[in-house]
Each structure stands twice: as C-alpha cells, then as structure tokens.
Amino acid sequence: VSGSSASLISRDIGKTLTYLADKAGVDTKKYGKGRLGVTGEGAKADSLRSASLHEICEESARFYEKYLWESEEGKKVLEYVRKRGLTDETIKKFQLGLAPDSYEALYHHLIGKNFSKDDIVESGQVSSRATDASAVFDRFRLRLMFPIFDAHGKAVGFGGRMLRKGDDPKYLNSPDTPVYNKSKILYGWHFAKEHVRQEDKVIFVEGYFDVIAPHQAGFSCTVATSGTAITEEQLRFVKRFTKNVYLVFDSDTAGKAATLRAAELAVKGGLKPMVVKLEGFKDPDEACKRASANDPCPFARFLDKAQYYLDHYIEEMKEAEDEKIQI
C-alpha cells in the first residue's frame, strides 16, 4: 500500500473510531490521534488547526462573558436577561456574553493572545471587508452572545441576538467552519445528552431562549438547531440515543411548516415524532415562565398532551373543517 493510500485508510479508520467513541460517550480528547488510527502529516496539520480554532472560540466565549459581567454596557444587558426570567446561575451555565459595540475589540484581544490572523478569520469570529481582504472587523457587535458547543462542551461557534433596533438580522450566527457545521451541531446537546438517554426522548425547539428556559425549568433533554431547519444528519445523530422526538415549534405558519417537515424527516429516519401544541403560549420560553396557581407548569402539561404527528394533523384537519362549517 502506497503512503498516500495508507494515509487515506488511516483517516477512514480514525473517523470510524471517532464515530463509535462518540456513540459510546467516550471523550476522544483523552487519547492521542495516533491511537485513533489517524496518522501522517496531513492529519497532524488538521488536528493542530482544529485545536487552534477551538481555542479561539473558547477564548472568544470568555471575552464575551467577561464583558457581560464586568462592563457598564453589560450591567444593562444583564438586567434585560434577568427580566426575561433567567437566573444568574443559568446565565453562567450557558456562558451568555455580550459583544462590545466595536469593530475590532475581539480581534485585537485574540491577536494579543497570539492567535494568527488567518486562524481568527477561519474561526468565523471576524469578517473580511469585501473591498480589502487584508482588513477585518468583528462579526458580532453589540449583541447578546450565545456560545454554541459541540458534543464534548467545546465552544465552536456563536449566535448573537441584536440589542439595538436596526441591527438586523435579529439573530446572527457564526458561519460554518472546520469545527462548526450547522447541519450537525445541536444547541444545548452537551447539557442534554445524558438526560436524553435517561428519559428516552429529545425535545426539539426553535431558539436559544427556548432551549435555556426549559433547562432552567427542569426539562433538560431540550435542544435546538442553530439557525437552520432540522436536518437528516441531526436526526441520525439523535437516533443513537433515542427514537422519541418531541417537536415544539412556534404555532405560526412557518412553525407549522417546519414541524411537518421535521416530522416527515424523523419518520423517514426511523424515529417517532410527537407534536407538542402550545395552546395560548407563543413559545417554550413563555410556557416555562408564565406559571400560575392553577397552572404551575404549562410546558409540562403540553408535553403530556403531545400527539403522534399523524394524529395531530388529522385533528388539525378536523378542526379546519369544523371552522368552515360554522362559517
């Protein structure tokens, strides 16, 4: 076998072993790449690059988190987050942060930590100006920051919520990078995975707050995609842990369409999709926080009433027909 063929075979073995290790819940960080069958200069270079990108994302998360807790701007944003019902413990658990209103604060911070410009750009933390590739600027400015972690709890990307009118889009996400793939990563998974195993179900919601609020309320098997619709890859990954998928999306037209598509993909992948209807509530975030003496935990009540997706849509069609008859 030639050197190049041996390298390709070695990489395939490494990928297989990494897949099996992840399925078994083994953290491959504890082992050298060589022990996973990945050898050669190419693999070594890939490993070093990935390590650098992970470190940049981790340092960025610390930078944003520190700015949230220690700056004057951060004090105001903390009050906003607390008013949304999150405790300080939860804010720290999910490592929420704040991006300064600056075009270069994070970039200069990372350069000061001896990261290379090329790696910083590749990590997605800064963008190049279209007219001059040598000039870069921070991607996130004056945004509430949600670090996105991989299955082992390493920061790999970010979602940033706008805090100032006109700074559209409302949510800005990191681009895909060698360590962050939106079609694979699930927000909140590193906290949820053991609960998914134990409870034999996963709850899919739409947004960052819709993950955090249920976790704070004790629904720790809740996850979300990162700015994309649910993908076949994500469902294949989840299937290693459970076949029971609860879909809790917004009740508007877009949310209903997303629910139907996700349910169809889940059935195609051999999973059991259950649709959760949030009657009288906008989203899971609200359903977890707006409790009353007569209804201490609305979200739990809705989960208990979840329907298999076919039953749900049959009921929806019946209700639609009844409305036509009444008219």
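Here's a quick rundown of the structure. Everything quoted here is computed from the prediction, not taken from an experiment.

Turning our eyes to something else, we now look at the overall build of the chain. Looking only at helices and strands, one finds 13 helices and 11 strands in the chain. Residue burial in the chain is summarised as follows: out of 327 residues, 46% are buried. Within the chain, counting contacts between residues at least 6 apart in sequence, those at least 24 apart form 67% of the total. Surface exposure of the chain reaches about 16,800 Å², of which carbon and sulfur atoms provide 52%.

On to the pattern of salt bridges. Tallying each qualifying case throughout the model produces 17 salt bridges. The salt bridge partner of Arg62 is Glu59, with a shortest N-O separation of 2.8 Å. Pair noted here: Arg62 and Glu59 are both in helix H2 (residues 41–70), with a separation of 3 residues, about one helical turn. Among the salt bridges present, the one from Asp285 reaches Lys289, with a minimum N-O distance of 2.5 Å. One end of the pair is Asp285 and the other is Lys289, both in helix H11 (residues 284–289) and 4 residues apart, which spans about a single turn.

Listed in full, the buried residues belonging to helix H5 (residues 105–112) are Leu106, Tyr107 and Leu110. Projected onto a plane normal to the axis of H5, the buried residues spread over an arc of 100 degrees and lie on a single side. Note on H5: the residue one or two positions beyond its end, Asn114, has a positive phi of about 70 degrees.

A few words now on the nonpolar core. Ranked by internal contacts, the top residues of the largest apolar core, which has 64 residues, are Leu96, Trp189, Phe204 and Phe299. Counting residues per element, this core draws most heavily on helix H8 (residues 208–216), at 5 residues. With near-sequence residues (within four places) excluded, Leu96 lies in contact with Glu65, Leu68, Val81, Leu86, Ile91, Met145, Phe146, Pro147 and Ile212. Judged by nonpolar contacts, the second largest core, of 18 residues, contains Tyr64, Leu106, Val126 and Phe140.

Right, let's get into the side chain of Arg161. Positionally, Arg161 belongs in strand S5 (residues 155–162). At 3.4 Å, the side chain of Arg161 and the side chain of Tyr80 are in polar contact.

Here the focus is unusual backbone geometry. With an omega of 5 degrees, the peptide bond between Asp168 and Pro169 qualifies as cis. Structurally, the position occupied by Pro169 is in the loop between S5 and strand S6 (171–173). Even without being a glycine, Gln95 presents a positive backbone phi close to 55 degrees. Within the secondary structure, Gln95 sits in the loop between helix H4 (88–93) and strand S1 (97–99). Note on Gln95: relative accessible area 22%, which makes it partly exposed.

Within the structure shown, the criterion is met by 17 aromatic pairs. Note on Tyr171 and Tyr208: the rings are 5.7 Å apart at their centroids and 50 degrees apart in plane angle, and the pair reads as tilted. One end of the pair, Tyr171, is in strand S6; the other, Tyr208, is in helix H8, and 37 residues separate them in sequence. Owing to a relative accessible area of 5%, Tyr208 belongs among the buried residues under this scheme. Seen in terms of ring centroids, Phe237 and Phe241 are 5.5 Å apart; in terms of plane orientation they differ by 55 degrees. Their pairing is tilted. Accessibility classification places Phe237 together with Phe241 in one group, the buried group.

Moving on: the layout of surface pockets. What the second largest pocket holds in volume is close to 540 Å³. Considering the residues around the second largest pocket, the lining is formed by 20 residues, among which Lys170, Tyr171, Gly207, Asp210 and Asp250 are closest to the centre. Of all the elements in the fold, those that place two or more residues in the lining of the second largest pocket are S6, H8 and H11. Per-class residue counts for the lining of the second largest pocket are 3 nonpolar, 5 polar and 12 charged.

Basis of the calculations
- Residues numbered from 1 in each chain as written.
- Predicted model: local features only at pLDDT ≥ 70, side-chain atom pairs only at ≥ 80, totals over all residues.
- Heavy atoms only, no water.
- Helix = DSSP H or I, 4+ residues; strand = E, 2+ residues; numbered from the N terminus.
- Buried < 20%, exposed > 50% of the residue type's maximum accessible area, 1.4 Å probe, protein only.
- Contact = heavy atoms within 4.5 Å.
- Areas by Shrake-Rupley, 256 points an atom, 1.4 Å probe, with all protein chains shown as cover.
- Salt bridge = Lys/Arg side-chain N within 4 Å of Asp/Glu carboxyl O.
- Arc of directions from axis to C-beta.
- Core = buried A, V, L, I, M, F, W, Y, C linked by side-chain atoms within 4.5 Å.
- Polar contact = N/O pair within 3.5 Å; in protein donor to acceptor, adjacent residues only side chain to side chain.
- Phe/Tyr/Trp six-rings, centres within 6.5 Å; stacked < 30°, edge-to-face > 60°.
- 1 Å grid on protein atoms, 1.4 Å probe; cavity = no way out; pocket = protein on both sides within 12 Å on 5 of 7 lines; lining within 4 Å.
- Points joined across faces, edges and corners; volume = space filled by probe spheres on them.
- Nonpolar A, V, L, I, M, F, W, Y, C, P; charged D, E, K, R; others polar.

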